[in-house]
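# Tertiary structure, described
Below are the chains, spelled out letter by letter.
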Amino acid sequence: MAEQKMVHAIEATNLADILERVLDKGIVIAGDIKIQLADIDLLNIKIRLLIASVDKAMEMGINWWQQDPYLSSRAGKTDLEQENRELKKRIERNEELKKRLERAEAKA
């Protein structure tokens, strides 16, 4: 009969503790891949991997997912709202210039 191993809850707890520590403290994995032929770079890949909780990442000043329109619905709205404000300002300036031009033409 094949020997069966019993899995204890202690092992699962250890794994959960390790995962909690990694997410709490964060871990960085970095590496570079470079392919050259006769001192000419053909391919250069820089890999940077950060594993951390969202809270830890924000504490470190990393929040790129909040500005990415593919990951955050607020990011796209913010860009559109900013563009909308800029366009409204341009329209107001153009209307003011048009009024000044009409006044100048009326005086002439």
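Structure shown above.
Remember, it's a predicted structure, so these values are computed and weren't measured experimentally. (Residues numbered from 1 in each chain as written. Predicted model: local features only at pLDDT ≥ 70, side-chain atom pairs only at ≥ 80, totals over all residues. Heavy atoms only, no water.)

On the surface, a nonpolar cluster with roughly 700 Å² of combined accessible area is contributed by I33, I35, L37, I40, L42, L43, I45 and I47. A per-element tally of the nonpolar patch places strand β2 (residues 40-51) first, with five residues. Its location among the elements puts L43 in strand β2. Residue L43 is classed as partly exposed on the basis of its relative accessible area, which comes to 37%. (Patch = residues over 30% accessible without salt bridge, like charges linked within 9 Å, V, L, I, M, F, W, Y side chains within 5 Å. Areas by Shrake-Rupley, 256 points an atom, 1.4 Å probe, with all protein chains shown as cover. Salt bridge = Lys/Arg side-chain N within 4 Å of Asp/Glu carboxyl O. Helix = DSSP H or I, 4+ residues; strand = E, 2+ residues; numbered from the N terminus. Buried < 20%, exposed > 50% of the residue type's maximum accessible area, 1.4 Å probe, protein only.)

The next point concerns the pattern of salt bridges. Overall, the coordinates contain three salt bridges when judged by the stated rule. K56 serves as the salt-bridge partner of E59, at 3.4 Å between the closest nitrogen and oxygen. You can see E59 and its partner K56 sitting in helix α2 (residues 54-59), three residues apart, about one turn around the helix. Measuring nitrogen to oxygen at the nearest pair gives 3.6 Å for the salt bridge that ties E96 to R100. Here E96 and its partner R100 are both found in helix α4 (residues 73-107), four residues apart, which amounts to about one turn of the helix. Accessibility expressed as a relative area gives 32% for E96, which makes it partly exposed. Of the residues examined, R100 reaches a relative accessible area of 49% and is grouped as partly exposed.

Attention shifts here to the pairing of strand β1 (residues 27-37). Regular strands place side chains that alternate from one sheet face to the opposite one. Pairing geometry for β1 and β2, over eleven bridges, is antiparallel. From the neighbouring strand, I35 faces β2, where its bridge partner is L43. With antiparallel pairing between neighbouring strands as the criterion, β1 and β2 make up a hairpin whose turn holds two residues, including A38 at a positive phi of roughly 55°. (Pairing = 2+ DSSP bridges.)

Here the focus is a positive patch on the surface. A cluster of basic residues, R85, K89, R90 and R93, forms a positive patch at the surface. With respect to the helices and strands, R85 occurs in helix α4. With relative accessibility at 46%, the residue R85 sits in the partly exposed group. (Lys, Arg positive; Asp, Glu negative; His and termini not counted. Charge placed at Lys NZ, Arg CZ, Asp CG, Glu CD.)

Remember that the coordinates give geometry; whether it matters functionally is a separate question.
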